Amino acid sequence: MTGSRAYTSTRRQEQARQTRRTILDAAARLFVDPGYAATRLTTVAAEAGVAVQTLYAVFGSKRQLLSELVDVTIAGDDAPVALPDRAFVAEIRALPGARARLARFARHLTETHERQAQVMLALAGAATADPDAAAVWRKNLEDRQRGMTMFAGDLAATGELRDDLTRDRIADVLWLAQDVRNYDRLVRERGWTAEEFQQWYVDTVAGAVLRSVPDPHPSGDDR
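Structure report, in brief. (Residues numbered from 1 in each chain as written. Predicted model: local features only at pLDDT ≥ 70, side-chain atom pairs only at ≥ 80, totals over all residues. Heavy atoms only, no water.)

## A few points about the layout of surface pockets
This is how it is decided: The distinction between a cavity and a pocket rests on a 1 Å grid over the protein atoms alone: a 1.4 Å probe fits inside a cavity but cannot get out, while a pocket stays open yet meets protein on both sides within 12 Å along at least five of seven lines, and a residue with an atom within 4 Å of a point counts as lining. Grid points are joined across faces, edges and corners, and a volume is the space filled by probe spheres set on the points. We count a stretch as a helix when DSSP gives it H or I for four or more residues in a row; a strand needs E for two or more, and each element gets its number in order from the N terminus. In this classification, the charged set is Asp, Glu, Lys and Arg, the nonpolar set is Ala, Val, Leu, Ile, Met, Phe, Trp, Tyr, Cys and Pro, and all remaining amino acids, among them Gly, are polar.
For the largest pocket, the calculated volume is near 950 Å³. Those elements that place two or more of their residues in the lining of the largest pocket are helix 4 (62-75), helix 5 (87-94), helix 6 (98-126) and helix 7 (131-156). Its residues assigned to classes, the lining of the largest pocket comprises 21 nonpolar, 8 polar and 10 charged.

Shown next as structure tokens:
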């Protein structure tokens with residue numbers, strides 16, 4: 001009986017997780033087109049193939065559905081793992097130099113933007129007119145600022161940052177460079193490859209926050 005109960009419980013948990021994932025996928029499509037404000041929860045439920053009562057039971061409100069959609073889209077999964085405990089953070093911290101750390105973050109950033117660009121751009125647009133969307137957008141901005149403050153500390157640990165910049169100023173540069181609208185304009189609109197975007201990110205941030213490397217041939221002698 002114990003084994004049967006454990007199996008049943010695990011099966012129910014997996015079904016609940018799949019239902020949640022199906023609703024989030026439906027919301028991701030509809031909040032992009034026709035848009036957050038134009039989408040009713042009854043429409044999301046119909047798109048997901050569930051009763052609207054089930055949607056309310058899982059998420060409680062449209063705002064909470066949007067908030068969780070943003071979190072899952074950014075993370076790439078629904079695992080309850082905090083940002084500092086994610087594998088890519090440990091990989092960044094294990095690298096010896098600032099440019100190497102920027103390059104690893106650029107790869108993570110590109111993968112995230114590939115996954116989240118449409119949802120985040122839709123959220124940014126909805127935030128201009130809808131109070132709930134605006135609150136979710138502000139939370140995302142604050143979360144990104146905290147994440148970039150943490151990353152600024154990881155870069156500072158290399159000893160390669162400019163002495164005239166405060167930690168907050170470096171975090172601001174990182175915060176601006178990672179904005180999804182940069183990815184949208186360069187990759188989605190201008191046709192850059194993912195690799196070109198990553199190199200742009202590394203070169204741009206390194207040029208802004210790292211100490212200059214002295215020119216080994218200041219006289220122009222390139223021997």
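## Quick word on the nonpolar core
Heads up, the rule is: Take the buried residues of types Ala, Val, Leu, Ile, Met, Phe, Trp, Tyr and Cys, join any two whose side-chain atoms come within 4.5 Å, and each joined set is a nonpolar core. Buried means the residue's accessible area, taken with a 1.4 Å probe over protein chains only, is under 20% of the maximum for its type, while exposed means over 50%, and partly exposed covers the values in between. The criterion used for residue contact is that any of the two residues' heavy atoms lie within 4.5 Å.
Val 44, Leu 65, Leu 102, Phe 151, Leu 174 and Tyr 201 are the most contacted members of the largest nonpolar core, which has 58 residues in total. When residues of this core are assigned to their parent elements, the largest contribution, 11 residues, is made by helix 6. Excluding its chain neighbours within four sequence positions, the residues that come into contact with Phe 151 are Ile 92, Arg 101, Leu 102, Phe 105, Leu 174 and Tyr 201.

## A short note on the environment of Gly 49
By the secondary structure assignment, Gly 49 is in the loop between helix 2 (41-48) and helix 3 (52-59). In this structure Gly 49 comes out as exposed when scored by relative accessible area, which is 66%. Linking Gly 49 and Val 136, residues 87 residues apart in sequence, is a C-alpha distance of 26 Å.

## Details of unusual backbone geometry
The peptide bond linking Asp 33 to Pro 34 adopts the cis configuration, its omega dihedral lying at 20°. The topology assignment puts Pro 34 in helix 1 (residues 2-35).

## Looking at the packing of helix 5 against helix 6
Stated precisely, the cut-off is as follows: For every element, the axis is a line fit to its C-alpha atoms; helices are fit only across the contacting stretch, and the angle between N-to-C directions ranges from 0 to 180 degrees. Orientation is classified from the angle alone, with under 35 degrees giving roughly parallel, over 145 giving roughly antiparallel, 65 to 115 giving roughly perpendicular, and any other angle giving oblique. In a left-handed crossing the near helix is turned counterclockwise from the far helix by less than a right angle, and in a right-handed crossing that turn is clockwise.
Running from N to C, helix 5 and helix 6 point in directions that differ by 160°, and their axes come no closer than 8 Å. Here helix 5 is positioned roughly antiparallel relative to helix 6, judged by the angle of their axes. In terms of crossing hand, the pair formed by helix 5 and helix 6 is right-handed. Side by side, helix 5 and helix 6 meet where Phe 88, Glu 91, Ile 92 and Arg 93 of the first sit next to Arg 101, Arg 104, Phe 105, Arg 107 and His 108 of the second. For the contact of helix 5 with helix 6, a count of residues per class yields 3 nonpolar, 1 polar and 5 charged.

## Details of the environment of Tyr 56
Mapped onto the secondary structure, Tyr 56 falls in helix 3. When the C-alpha atoms of Tyr 56 and Thr 42 are compared, they prove to be 10.0 Å apart, with 14 residues separating the residues in sequence.

## Things to note about the packing of aromatic side chains
Think of a pair of aromatic rings as described by two things: how far the centres are apart, and how the planes are tilted against each other in angle. What counts, and what does not: Only Phe, Tyr and Trp rings take part, Trp by its six-membered ring, and two of them pair if their centres are within 6.5 Å. Stacked means planes under 30 degrees apart, edge-to-face means over 60, and tilted covers everything else.
Tallied over the entire structure, the rule returns 5 aromatic pairs. Where Phe 105 meets Phe 151, the ring centres are 4.7 Å apart and the plane angle is 35°; that geometry is what we call tilted. You can see Phe 105 sitting in helix 6 and its partner Phe 151 sitting in helix 7, a full 46 residues away along the chain. Taken as a pair, Phe 105 and Phe 151 share a single burial class, namely buried.

## Considerations on the pattern of salt bridges
The condition is simple: Each reported salt bridge corresponds to a side-chain nitrogen of Lys or Arg within 4 Å of a carboxyl oxygen of Asp or Glu.
Scanning the entire structure with this criterion turns up 14 salt bridges. For Asp 132, the salt bridge identified is with Arg 63, shortest N-O distance 3.7 Å. On the criterion of sequence distance, the pair formed by Asp 132 in helix 7 and Arg 63 in helix 4 is long-range, its members being 69 residues apart. Residue Asp 132 is classed as partly exposed on the basis of its relative accessible area of 32%. For Asp 143, the salt bridge identified is with Lys 139, shortest N-O distance 2.9 Å. Taken together, the positions of Asp 143 and Lys 139, both in helix 7 and 4 residues apart, correspond to about one turn of that helix. A relative accessible area of 28% means that Asp 143 is categorised as partly exposed. For Lys 139, a relative accessible area of 36% corresponds to the partly exposed category. Connected via shared salt-bridge partners are Lys 139, Asp 143 and Arg 146.

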